[in-house]
Amino acid sequence: CCCGRELFSWRLHSDIISTVEFNYSGDLLATGDKGGRVVIFQREQENKSRPHSRGEYNVYSTFQSHEPEFDYLKSLEIEEKINKIRWLPQQNAAHFLLSTNDKTIKLWKISERDKRAEGYNLKDEDGRLRDPFRITALRVPILKPMDLMVEASPRRIFANAHTYHINSISVNSDHETYLSADDLRINLWHLEITDRSFNIVDIKPANMEELTEVITAAEFHPHQCNVFVYSSSKGTIRLCDMRSSALCDRHSKFFEEPEDPSSRSFFSEIISSISDVKFSHSGRYMMTRDYLSVKVWDLNMESRPVETHQVHEYLRSKLCSLYENDCIFDKFECCWNGSDSAIMTGSYNNFFRMFDRDTRRDVTLEASRESSKPRASLKPRKVCTGGKRKKDEISVDSLDFNKKILHTAWHPADNVIAVAATNNLYIFQDKIN
Amino acid sequence: MDAGRVFGKKVNGRGLAGGPGCDVCYGLVEDTQEKEGLLPERAEEAKLKAKYPSLGQKPGGSDFLMKRLQKGQKYFDSGDYNMAKAKMKNKQLPSAGPDKNLVTGDHIPTPQDLPQRKSSLVTSKLAGGQVE
């Protein structure tokens, strides 16, 4: 799955991309950025006259989702940066997605308009009202085709439910509810109701001095509408069942890899903080991303993960400087491919890593204009960890830590991946022979 | 997924800490590999403590987390916030219409053609009533 990747398209965003998400069919790809904008790309249909354009993603719709706001009570600025986008399953011709910044979640409807009515009775073609006394005959307006117009309109605004910063949203498999999680609380919403939400997890201690961990990510199970998980800054994952109680402060399952106390260091807890948690499509496994590795857990086994994949172990000897420049707090995401046979996550220097779970092979690829030529295979990259540096290898000290790939997405069915490198969006596909 | 592929990994109870990408581990090798993986981390910790001796023992303590919860630019008040935003907007408009400034010999300029003169930030000494 990993080899033979070719660059299919590259798009420049006007701002740093902060989230990337394919919809359920994979025909639409949504990106959110630091400026509160959402750009949706659509996959081109197969076209006999332009065979090479098949599978290309082109801009379908752009809209401003969130604006910067000011919290007057705390004198804090509320960033317009889009933290997460999640699509709703398609139920009619329109597409719906949820987008959220730190405080407010919005439901957007994206619809197409390709017809226009002509021949009104009460107004002229240019919209001016006609004098009613001059109307002597009636006609039926007819629908005429027009250039495709894609409109985005906000249908629901879910606000004022989070004191802390929203890090996750997740649509339930019942297609009626969704959850939103901030650092200390998780709320359950109904998609139709904006003026109230149910608090289902609250880990805020009575005395804030006793605060030891925060919620870092949360997700609903893909099939069981009563089950969700949330991860913590201490490297633990809690699975909760909404059938057992209204307030899910007590978990049903607790996933934690036991730590050897003798190996503990100042950095242990920081690098164990989970930045992302994703269920497999099958619902049998979940994957977590901490600073240096990606772990796959079997939901039936809480004691330890079943797989651990090292993303950039060579950074372990750089933790001091990574702490000083704050990179150690970078939140990398991870994703599964459609068949759950492979996983992908980002790294620094515009590198991203893909792990094939079946063949146990992994590869490091680079998302950059210099190293990618259209229709040419991506060359695997290698980081030299010490000793003699071979030709084409990069030494750890030459890595650019400002070029981080935090957000990646995998098409739900095909071998198409979207990689966000700062303000560049790269879309890679398997070579079509 | 078949059960045969599920395997546990225990290296002193911790996940393997060495080697790129591979997560297979074998009995004898694991101890030395684990120690080699630990030394860099401890060395890094020593480096950090040397640079910042006042750094507390528990990095995951409540102070650290409280700072995390407080993310976001704090302003003195809403007036301060709006001033800061206005400053940012002005910075983004340095080159507004270069064409307007070029009125050279084509025609007699009208008041509309002439570039607007921004008012001085520093008032002239004469205007201020000061004597030369």
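Residues numbered from 1 in each chain as written. Chains lettered and ligands numbered in written order. Predicted model: local features only at pLDDT ≥ 70, side-chain atom pairs only at ≥ 80, totals over all residues. Heavy atoms only, no water.

The name an unreviewed UniProt entry gives chain B is Alpha-endosulfine, with Colobus angolensis palliatus as the organism. Looking at chain B in UniProt, the text filed under Function (unreviewed entry) is "Protein phosphatase inhibitor that specifically inhibits protein phosphatase 2A (PP2A) during mitosis." Turning to chain B, the UniProt record has this under Subcellular location (unreviewed entry): "Cytoplasm". (UniProt positions renumbered as here; feature names shortened; annotations may be inferred.)

An unreviewed UniProt entry annotates chain A as Serine/threonine-protein phosphatase 2A 55 kDa regulatory subunit B originating from Colobus angolensis palliatus. Regarding chain A, the relevant UniProt record gives this comment under Sequence similarities (unreviewed entry): "Belongs to the phosphatase 2A regulatory subunit B family."

**Student:** Got a minute to help me understand the sheet that holds strand β17 (residues 227–232) of chain A in this structure?
**Tutor:** Remark on secondary structure: sheet strands pair via backbone hydrogen bonds, oriented parallel or antiparallel. Residue and element names in this part refer to chain A. Overall, antiparallel pairing links the four strands, which are arranged β16-β17-β18-β19 in an open sheet. Edge positions in the open sheet fall to β16 (215–220) and β19 (253–255), since each of these has one partner strand only. The average undirected angle you get between the axes of adjacent strands in this sheet is 20°. Across five bridges, β16 lies against β17 in antiparallel orientation. Directly across from Glu-219, in β17, lies its bridge partner Val-229. (Pairing = 2+ DSSP bridges. Helix = DSSP H or I, 4+ residues; strand = E, 2+ residues; numbered from the N terminus. Axes fitted to C-alpha atoms, helices over the stretch in contact; angles between N-to-C directions.)

**Student:** Please explain the nonpolar core as it appears in this structure.
**Tutor:** Nonpolar side chains in soluble globular proteins generally cluster together in the buried interior. Residues and elements named next belong to chain A. The biggest cluster of nonpolar side chains holds 24 residues, and the ones touching the most others in it are Tyr-291, Leu-315, Leu-322, Ile-328 and Leu-399. It is helix α2 (residues 319–324) that contributes the most residues to this core, four residues altogether. In contact with Leu-322, other than residues within four places in its own chain, are Tyr-291, Leu-315, Cys-327, Ile-328 and Phe-401. (Core = buried A, V, L, I, M, F, W, Y, C linked by side-chain atoms within 4.5 Å. Buried < 20%, exposed > 50% of the residue type's maximum accessible area, 1.4 Å probe, protein only. Contact = heavy atoms within 4.5 Å.)

**Student:** Can you help me understand the environment of A:Glu324 in this one?
**Tutor:** Positionally, A:Glu324 belongs in helix α2. Beyond its immediate stretch of four places on either side in the chain, A:Glu324 contacts B:Leu48, B:Lys51 and B:Tyr52. One polar contact links A:Glu324 to B:Tyr52, side chain to side chain, over a distance of 2.6 Å. (Polar contact = N/O pair within 3.5 Å; in protein donor to acceptor, adjacent residues only side chain to side chain.)

**Student:** Would you mind showing me how to read the pattern of salt bridges here?
**Tutor:** Here the idea is simple: oppositely charged side chains can pair when their charged atoms come close. Residue and element names in this part refer to chain A. Under the definition given, this model contains 35 salt bridges over all chains. The salt bridge partner of Arg-116 is Glu-118, with a shortest N-O separation of 3.0 Å. Note that Asp-202 is salt-bridged to Arg-185, the shortest N-O span being 3.1 Å. Separated by 17 residues along the polypeptide, Asp-202 in strand β15 (residues 193–202) and Arg-185 in strand β14 (residues 185–190) bring together distant segments of the chain. Linked through salt bridges whose partners overlap, the residues forming this network are Asp-15, Asp-33 and Arg-37. (Salt bridge = Lys/Arg side-chain N within 4 Å of Asp/Glu carboxyl O.)

**Student:** I tried to follow the sheet that holds strand β11 (residues 142–158) of chain A on my own but got confused; where do I start?
**Tutor:** Residues and elements named next belong to chain A. The strand order across the open sheet built from four strands is β8-β9-β10-β11, with neighbouring strands paired in antiparallel fashion. The sheet terminates laterally at β8 (84–87) and β11, the two strands that pair on one side only. The mean inter-strand angle of the sheet, taken between neighbouring strand axes irrespective of direction, is 25°.

**Student:** Please clarify how helix α2 (residues 62–69) of chain B should be interpreted in this entry.
**Tutor:** An α-helical turn contains 3.6 residues, so a residue and the one three or four places further along point in the same direction. Residue and element names in this part refer to chain B. Listed as buried for α2 are Ser-62, Leu-65 and Leu-69. Taken down its axis, α2 places every buried residue within 65° of arc, on the same side. Structural note: α2 exposes Asp-63 and Lys-67 on the side pointing more than 90 degrees away from its buried face. (Arc of directions from axis to C-beta.)

**Student:** Sorry, what's going on with unusual backbone geometry here?
**Tutor:** Where the residue is not glycine, phi is negative for most of them; where a peptide bond is considered, it is trans in most cases. Residues and elements named next belong to chain A. Look at Ser-75: it is not a glycine, yet its phi comes out positive at around 55°. Following the sequence through the fold, Ser-75 ends up in the loop between β6 (69–71) and β7 (76–78). Note on Ser-75: relative accessible area 13%, which makes it buried. Despite not being glycine, Asn-160 shows a phi value in the positive range, around 60°.

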